[in-house]
Amino acid sequence: KYFFDEDGRIQNIYDFDVKKKNIILLGDSQVEALMVENENVIHNSLYREINGKYNVLNYGLSGTGPSQQLEILKTKVDLKNIDTLIHFVFLENDLNDGDPKNFNEINRPKVYYKFKNFENYEIIKPRVYNIKEKIRDFLGHFELYVYLKKTFYFYSSHISNFFKEKREVVKVLVNDKKYILDNEEYKWTQLEGSIYQINKIAKKMSFKYKIIIFSTFEDDGYLKNREKFQVFLNKQNISHSNIAPFLKQLSSKQKIDFSCDGHWNENTHQAIAKYLKKELKL
């Protein structure tokens, strides 16, 4: 079972204390973690690790990237009471999630930020909430939508190879360690623009901002994306940590994810909570 609170966040196992400052978590399905026992999801694990010094609030949401996470921060989070914002950036996923062209009518509607540069952007609102979306919401009550979508993908690929090009656009070629990213300049602009705007909010509201980086291809020796991202973060004076070495060390001792989909298991969530406490000196 998984649980949401009245604000749509992954539920806390403790009572919210209005007298305490908040630690905010942003990220995608790895942070939302519906597949992990609620008491062990990263925010609840971190709350235990820091002995309840702060409220720890989980705004992780499956299928989101920095554009949507920027919007969540601006519209859903109490900015006045933040001590620290911890932002998990899953680099290759987030680069692709910033490009609306990677999605089609099958995907749920999302908001997007379209950056010309770090300071100038337009907001692309989600599609209209029509009959199709109402049907999707109805199916959502039965946890069927994702499975139906995957079924559609499966048969589409076998019938017409419709998704063949999409699968081949982003991949690692093991022999020469070359990573191919289509529409690269645009995707980097969207990622960096979103991070820049989040950091701008952090400066304005005087809270700490920490990015936790994970690059999918770290173990394959392809470091270009992570290194490029760190150059940007250093220029912006944004505090960041590369979690890959920690996860690699952890994986040598135990299974860190679910075999079916690669999401972190509950032991990993608890271990990362310990990592965050130490890394952020909480």
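Whatever comes next refers back to the structure up there.
Residues numbered from 1 in each chain as written. Predicted model: local features only at pLDDT ≥ 70, side-chain atom pairs only at ≥ 80, totals over all residues. Heavy atoms only, no water.

J.: I keep staring at the nonpolar core and nothing clicks. Help me out?
T.: For soluble globular proteins, the rule of thumb is that nonpolar side chains tend to be buried together. Of all hydrophobic cores here, the largest spans 61 residues; its most connected members are Phe-88, Ile-195, Phe-229 and Leu-276. Residue contributions to this core peak at seven residues, all from helix α8 (residues 184-205). When neighbours within four sequence positions are excluded, Ile-195 is seen to be in contact with Pro-66, His-87, Val-89, Tyr-209, Ile-211, Phe-229, Phe-232, Leu-233 and Ile-238. (Core = buried A, V, L, I, M, F, W, Y, C linked by side-chain atoms within 4.5 Å. Buried < 20%, exposed > 50% of the residue type's maximum accessible area, 1.4 Å probe, protein only. Helix = DSSP H or I, 4+ residues; strand = E, 2+ residues; numbered from the N terminus. Contact = heavy atoms within 4.5 Å.)

J.: What exactly am I supposed to notice about the sheet that holds strand β2 (residues 55-58) here?
T.: In sheet architecture, strand pairing relies on hydrogen bonds along the backbone and comes in two forms, parallel and antiparallel. As summarised here, the arrangement of the five strands in space is β2-β1-β3-β8-β9, forming an open sheet in which the pairing is parallel. Each end of this open sheet is capped by a strand with a single partner; those strands are β2 and β9 (239-242). Averaged over neighbouring strand pairs, the angle between their axes works out to 20° when direction is ignored. Of the pairings in the sheet, the one linking strand β1 (residues 22-26) to β2 comprises four bridges and is parallel in character. When the bridges of β2 are listed, Leu-25 appears paired with Asn-58. Packing of helix α2 (residues 42-49) onto the sheet brings it into contact with β1, β2 and β3 (82-90), and relative to β2 it is tilted by some 170°. (Pairing = 2+ DSSP bridges. Axes fitted to C-alpha atoms, helices over the stretch in contact; angles between N-to-C directions.)

J.: How do you make sense of a nonpolar patch on the surface when you look at a structure like this?
T.: Residues Phe-138, Phe-142, Leu-144 and Leu-148 make up a contiguous nonpolar surface patch of roughly 400 Å² in combined accessible area. Position of Phe-138 among the secondary structure elements: in helix α5 (residues 131-140). (Patch = residues over 30% accessible without salt bridge, like charges linked within 9 Å, V, L, I, M, F, W, Y side chains within 5 Å. Areas by Shrake-Rupley, 256 points an atom, 1.4 Å probe, with all protein chains shown as cover. Salt bridge = Lys/Arg side-chain N within 4 Å of Asp/Glu carboxyl O.)

J.: So what exactly am I meant to see when it comes to helix α10 (residues 244-251) here?
T.: At 3.6 residues per turn, the α-helix brings residues three or four places apart onto the same side. Along α10, the positions that sit buried rather than exposed are Ala-244, Leu-247 and Leu-250. Axial view of α10: buried residues confined to an arc of 125°, hence all on one face. Looking at the packing, one finds that the buried side of α10 touches β8 (208-214), β9 and α11 (266-279). (Arc of directions from axis to C-beta.)

J.: Is there a simple way to think about the packing of aromatic side chains in this case?
T.: The relative placement of two aromatic rings is captured by the distance of their centres and the angle of their planes. All chains considered together, the criterion is met by 14 aromatic pairs. Between the aromatic rings of Phe-88 and Trp-264, the centroid separation amounts to 6.3 Å while the plane-to-plane angle is 65°, which identifies the pairing as edge-to-face. On the criterion of sequence distance, the pair formed by Phe-88 in strand β3 and Trp-264 in the loop between α10 and α11 is long-range, its members being 176 residues apart. For the residue pair Phe-88 and Trp-264, the accessibility class agrees, reading buried in each case. Ring centres 5.1 Å apart and planes at 50° place the aromatic pair Phe-115 and Tyr-121 in the tilted group. Residue class for Phe-115 comes out buried when judged on its relative accessible area of 5%. You can call Tyr-121 partly exposed: its relative accessible area is 31%. (Phe/Tyr/Trp six-rings, centres within 6.5 Å; stacked < 30°, edge-to-face > 60°.)

J.: Quick question: what am I supposed to make of the pairing of β1 here?
T.: Along any regular strand, the residues point their side chains to alternate faces of the sheet. Counting buried residues along β1, five of its five residues qualify, which places the element largely inside the surrounding structure. Alignment of β1 against β3, held across five bridges, turns out to be parallel. Each residue of the ladder has a partner; that of Leu-25, found in β3, is Ile-86.

J.: Would you explain the environment of Ile-124 in this entry?
T.: Here Ile-124 is to be found in strand β5 (residues 121-124). Between the C-alpha atoms of Ile-124 and Lys-110, which are 14 residues apart in sequence, the distance is 8.6 Å. In contact with Ile-124, not counting residues within four places along its chain, are Lys-110, Val-111, Tyr-112 and Lys-114.

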